[in-house]
Amino acid sequence: MSALPLSGVRVIDLTRILSGPFCSMVLGDLGADVVKIEAPGGDAVRKQGHIVDGLSWYFAGFNRNKRSIELNLRAPEGIAVLEDLLADADILTENFRPGTLDKMGLTEARLAQINPDLIVTSVNGYGSTGPYADRPAFDFIAQAMSGYMATNGTPDTGPLRTAPPITDLLAGLYAAMGAVAALRNREHGGPAQRVEASMMMSMLSMMAYLSSNALATGRDPVPTGNNHPIASPYGLFRASDGDIAVAPSTEVIVRRFLAELGLEHLLSDPRFKTNALRLQNRAALNALIDAAVAGGTQDDWIARLNKAGVPCGRVQSLSEALSDPQVAAQDMVLRVPHPGHGNVGMIGFPVKFSQSPLSVRLPTPRLGEHGAEILRGVGYSDDRIAALTAQGVLGSGHDPAE
């Protein structure tokens, strides 16, 4: 097997909570050496979510393939240690509010002095420019302000958020992609540069045909719930034992779908001849489809429709999805040994590499677990490490969550 894609890349990670740690975990999964710098007491997520034997599985799910050092950055000596680490790094990741690095003395000019090749990757709420740059941000607010919530649900429910913290995750993904692109550019002779991804703008970029249609017409989309905003029929239909999800996205697939239901004649009905007409008469069409689908079970329809080339599946609970045989075949649920905590369950790697498969090389670190090791790697003596520990600048490696 070949080396991992980011083998040899050093990341100094100042991020905490979710969006930034997701970004740095993606880089770590791809092979980078990620040094997670935690404030005294550690990342707040160490104490959130379901705690098993002293370990937050939420924290574990976003902080694998990292080494941890507990460092007091409010002390000048802590900043000096950080600067030494940055001098030997390729990428700095941070998700502070814009301007925080400057307040720490780590201005753009200072970072260039420390390491002119350093790629600074920032994840924030709204971007570092514009009227909202200084606002605090959270996923719920970014979902609300991006237009996303207003397109979810139905006119009866009003705006709805999505359950996962999607804007955190999108911003983290975009930031990781940007960092890798900037690294590639630097390796080909380009300058080191700052990379930024914000939660609101990342979500806005994912509005797809909704934003395209709004720009084209000047009108807001009407929230359609499980129905598709621009295609019909499409959505959930009730079989004899529960719902099935069906996605006939083209005219060819619509015809296949209706033919399997014995309803192909509806395409000659003046109400349903075109997609535009079907959108206008969606309630009537859905009622006819529901009546036909009710004559079979979920399993029957899923087998028949997929065989006919019509995308179809059941609505699964999260537990059902996690135990799905396809998920197992893709190794998407991992049980990772963590010393002192047994096997910890976490989601696997959605991107597959044929010659350099990804793996959990390092389990989620204890707070400050690798502090001395990390500092020895940049030339610190054991006496100096002991002095920093005695001064309260370097954590002792004891995790208060345990």
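Structural notes, computed from the coordinates. What you see is a predicted model; the values in this text were computed from it and never measured.

Cut-offs and rules
- Note that residues are indexed from 1 along each chain, following the sequence as it is written.
- In keeping with the model being predicted, local features are shown solely for residues with a pLDDT of at least 70 and side-chain atom pairs are shown and tallied solely at 80 or more, while totals for entire chains, interfaces and linings include all residues.
- Side-chain measures were taken over the full set of non-hydrogen atoms in the model, leaving aside hydrogen atoms and water.
- Secondary structure counts use DSSP, requiring at least four H or I residues in a row for a helix and at least two E residues in a row for a strand, with both numbered from the N terminus.
- Residue contacts are counted whenever heavy atoms from the two residues lie within 4.5 Å of one another.
- By the counting scheme adopted, Arg and Lys are positive, Glu and Asp are negative, and His together with the chain ends is not counted.
- Note that the charge is assigned to NZ on lysines, CZ on arginines, CG on aspartates and CD on glutamates.
- Strands are treated as partners if at least two bridges between them are detected by DSSP.
- Between N-to-C directions, angles span 0 to 180 degrees; the directions come from axes that are lines fitted to C-alpha atoms, helices contributing only their stretch in contact.
- For Phe, Tyr and Trp, where Trp contributes only its six-membered ring, two rings pair if their centres lie within 6.5 Å, and the inter-plane angle classes them as stacked under 30 degrees, edge-to-face over 60, or tilted in between.
- Whether a residue is buried, partly exposed or exposed follows from its accessible area with a 1.4 Å probe, protein chains only, as a fraction of its type maximum: under 20%, in between, or over 50%, in that order.
- A ring is scored as having a charge over it whenever the NZ atom of a lysine or the CZ atom of an arginine sits within 6 Å of its centre and within 35 degrees of its normal.
- Expected span of a helix: the number of residues minus one, times 1.5 Å.
- For patch building, the residue pool is restricted to those with more than 30% relative accessible area and no salt bridge; the joining distance is 9 Å between like charges and 5 Å between nonpolar side chains (Val, Leu, Ile, Met, Phe, Trp, Tyr).
- Per-residue accessibility takes into account occlusion by the displayed protein chains alone, with areas from the Shrake-Rupley method and a 1.4 Å probe.
- The term salt bridge refers to a pairing of a side-chain nitrogen on Lys or Arg with a carboxyl oxygen on Asp or Glu at a separation within 4 Å.

## Looking at the overall build of the chain
Thinking step 1. Scanning the chain from N- to C-terminus turns up 18 helices and 13 strands.
Thinking step 2. Overall, the chain is about 85 × 50 × 40 Å in size when its C-alpha atoms are taken along their principal axes.
Thinking step 3. For the chain, restricting intrachain contacts to residue pairs at least 6 apart in sequence, the fraction spanning at least 24 positions comes to 69%.
Thinking step 4. When the 34 basic and 41 acidic side-chain charges of the chain are each reduced to a single mean position, those positions are 4 Å apart.

## Topic: the sheet that holds strand β5 (residues 66-70)
Thinking step 1. Read from one edge of the open sheet, six strands run β5-β2-β1-β6-β7-β8, paired in parallel fashion. Looking along the sheet, the strands with just one partner apiece sit at the ends: β5 and β8 (194-198). Across the sheet, the axes of successive neighbouring strands diverge by a mean angle of 20 degrees, strand direction being ignored.
Thinking step 2. Both strand β1 (residues 10-13) and strand β6 (residues 91-94) contribute to a ladder of three bridges, which runs parallel. Paired with Val 11 across the strands is Ile 91, a residue of β6.
Thinking step 3. Across the face of the sheet, helix α3 (residues 76-87) comes into contact with β1, β2 (33-38) and β6 while running at roughly 155 degrees to β1.

## Overview of the packing of aromatic side chains
Thinking step 1. The final tally for this structure, using the stated rule, is four aromatic pairs.
Thinking step 2. Here Tyr 58 and Phe 62 contribute two aromatic rings whose centre-to-centre distance is 6.0 Å and whose plane-to-plane angle is 85 degrees, an arrangement assigned as edge-to-face.
Thinking step 3. Residue classification places Tyr 58 among the partly exposed positions, given a relative accessible area of 28%.
Thinking step 4. A ring pair is formed by Tyr 126 and Tyr 132, whose centres lie 5.8 Å apart and whose planes are at 70 degrees; its orientation type is edge-to-face.
Thinking step 5. Residue classification places Tyr 126 among the buried residues on the basis of a relative accessible area of 7%.
Thinking step 6. Classification of Tyr 132 as partly exposed rests on a relative accessible area of 30%.
Thinking step 7. The ring of Tyr 380 has Arg 384 sitting right over it, with the charged end atom 3.9 Å from the ring centre.

## Structural notes on unusual backbone geometry
Thinking step 1. Cis rather than trans, the peptide bond between Ser 232 and Pro 233 has omega equal to 5 degrees.
Thinking step 2. In this fold, Pro 233 is placed in the loop between α10 (208-217) and β9 (235-239).
Thinking step 3. Residues other than glycine seldom take positive phi values, yet Ala 208 does so here, at roughly 50 degrees.
Thinking step 4. Note that Ala 208 resides in helix α10.
Thinking step 5. We classify Ala 208 as partly exposed; its relative accessible area is 42%.
Thinking step 6. Residues other than glycine seldom take positive phi values, yet Asp 331 does so here, at roughly 55 degrees.

## Let's talk about helix α8 (residues 166-187)
Thinking step 1. Across its 22 residues, α8 extends 32 Å between first and last C-alpha, which sits within 8% of the 32 Å expected from 1.5 Å per residue.
Thinking step 2. Along α8, the residues classified as buried are Thr 167, Asp 168, Leu 170, Ala 171, Gly 172, Ala 175, Ala 176, Gly 178, Ala 179, Ala 182, Leu 183 and Arg 186.
Thinking step 3. Buried residues in α8 make contact with α1 (19-29), β6, β7 (119-124), α6 (139-145), β8 and α9 (199-205).
Thinking step 4. One or two positions beyond α8, positive phi appears at Gly 189, with a value near 95 degrees.

## A look at a nonpolar patch on the surface
Thinking step 1. Residues Tyr 132, Phe 138, Phe 140, Ile 141 and Met 145 make up a contiguous nonpolar surface patch of roughly 450 Å² in combined accessible area.
Thinking step 2. On the secondary structure map, Met 145 appears in helix α6.
Thinking step 3. On the accessibility criterion, Met 145 (30% relative accessible area) is partly exposed.

## A closer look at the sheet that holds strand β11 (residues 312-314)
Thinking step 1. Spatial ordering of the open sheet is given by β9-β10-β11, a layout of three strands whose pairing is antiparallel. Each of the sheet's edge strands pairs with one partner strand only, and the pair in question is β9 and β11. Within this sheet the neighbouring strands show an average axis-to-axis angle of 35 degrees, counted without direction.
Thinking step 2. With five bridges joining them, β9 and strand β10 (residues 242-246) adopt antiparallel strand pairing. In the strand pairing of β10, Gly 235 is matched with Val 246.
Thinking step 3. Packed onto the sheet, helix α13 (residues 282-293) meets β9 and β10 and runs at close to 40 degrees relative to β9.

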